[in-house]
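Inside the fold
Read off the chains here:
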Amino acid sequence: MNPIVRPASANDVRQMSELLNQIIDLGGTTALTETIRPLDITNWMARHAGRNAWHVAESQIGDILGFQFIEPHVDLPPDAADIATFVRVGTIKLGIGSKLFSATEQAARDLEYVWLNATIRADNTGGLTYYQSRGFRTYHQDDNVKLGNGLQVSKISKRYDLWD
């Protein structure tokens, strides 16, 4: 499989929400607990316009295999962006995340961010491994974080410096 990575568009939000809802329904990897509508993703893409970047990885036939975005976050300094990555269930370890990160890293540099923050559930070993393999390093942990469904988890924050 050789996914094509490109900027996300409004035409992608239906497939992106379906992909994300499949991950939410399985549980255990995302802090999101409520169903995400295409309009939710449209609104997310519109917030922080000019300071965010969204990319999708799609198959040769146009199926969205994953998406990744960066944007400012209220708990981060202005020179940092938060990153989130979602890959279609059953397509892990096919290089989708690596290709997405290449595009996102360049977009972060173009937006003049200094570093990226990834906050991952501590029980999401796949997510922790993914960000670690990209060069993110742990700098903070929050314990007993209550999710929307009442579940309490620990969250690990990892940092990736864009400039040496």
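Residues numbered from 1 in each chain as written. Predicted model: local features only at pLDDT ≥ 70, side-chain atom pairs only at ≥ 80, totals over all residues. Heavy atoms only, no water.

1. Section: the sheet that holds strand 4 (residues 80–87)
A sheet is described by the order of its strands in space; here seven strands give the open sequence 1-2-3-4-5-7-6, paired in mixed fashion. In the strand order of this sheet, the two ends are held by strand 1 (4–7) and strand 6 (137–146), each with one partner. Here the strands of the sheet are splayed against their neighbours by 25° on average, with no regard to which way each runs. Of the strand pairs in this sheet, strand 2 (residues 53–58) and strand 3 (residues 64–71) are connected by six bridges, and their pairing is antiparallel. Each bridged residue has a counterpart across the sheet, and for Ala53 the counterpart in strand 3 is Ile70. Those strands touched by helix 3 (residues 96–110) are strand 1, strand 2, strand 3, strand 4, strand 5 (115–121) and strand 7 (152–161), and its axis lies near 30° from that of strand 3. (Pairing = 2+ DSSP bridges. Helix = DSSP H or I, 4+ residues; strand = E, 2+ residues; numbered from the N terminus. Axes fitted to C-alpha atoms, helices over the stretch in contact; angles between N-to-C directions. Contact = heavy atoms within 4.5 Å.)

2. Some words on the packing of helix 1 (residues 13–26) against helix 2 (residues 38–46)
Where helix 1 contacts helix 2, the two axes come as close as 8 Å, and the packing angle between them is 110°. Relative to helix 2, the element helix 1 is oriented roughly perpendicular. Contact residues: helix 1 offers Val13, Arg14, Met16, Ser17 and Leu20, while helix 2 offers Pro38, Ile41, Thr42, Trp44 and Met45. For the contact of helix 1 with helix 2, the residue count by class is seven nonpolar, two polar and one charged. (Parallel < 35°, antiparallel > 145°, perpendicular 65-115°, else oblique. Nonpolar A, V, L, I, M, F, W, Y, C, P; charged D, E, K, R; others polar.)

3. A few points about the packing of aromatic side chains
Tallied over the full model, the rule gives nine aromatic pairs. With centroids separated by 5.2 Å and ring planes inclined at 90°, the aromatic side chains of Phe101 and Tyr160 adopt a geometry described as edge-to-face. Placement of Phe101 in helix 3 and of Tyr160 in strand 7 is noted, with a sequence separation of 59 residues between them. Residue classification places Phe101 among the buried residues on the basis of a relative accessible area of 5%. Look at Trp115 and Tyr139: their rings are 5.7 Å apart centre to centre, the planes differ by 90°, and that puts the pair in the edge-to-face class. Residue Trp115 is found in strand 5, and its partner Tyr139 is found in strand 6; the two are separated by 24 residues along the sequence. (Phe/Tyr/Trp six-rings, centres within 6.5 Å; stacked < 30°, edge-to-face > 60°. Buried < 20%, exposed > 50% of the residue type's maximum accessible area, 1.4 Å probe, protein only.)

4. Brief notes about the side chain of Asn117
Tracing the backbone through its elements, the reader meets Asn117 in strand 5. A distance of 2.6 Å separates the side chain of Asn117 from the side chain of Tyr139, its partner in a polar contact. (Polar contact = N/O pair within 3.5 Å; in protein donor to acceptor, adjacent residues only side chain to side chain.)

5. Describing the pairing of strand 2
Of all six residues in strand 2, six are buried; the element is thus mostly enclosed. Alternating positions in strand 2 separate into two faces, Ala53, His55 and Ala57 on one and Trp54, Val56 and Glu58 on the other, with burial throughout. Here strand 1 pairs with strand 2 via four bridges, running antiparallel. Across the sheet, the residue bridging to Val5 is Ala57, located in strand 2. With antiparallel pairing between neighbouring strands as the criterion, strand 2 and strand 3 make up a hairpin whose turn holds five residues, including Gly62 at a positive phi of roughly 95°.

Note that every value here comes from positions in space, so none of it alone points to a role or purpose.
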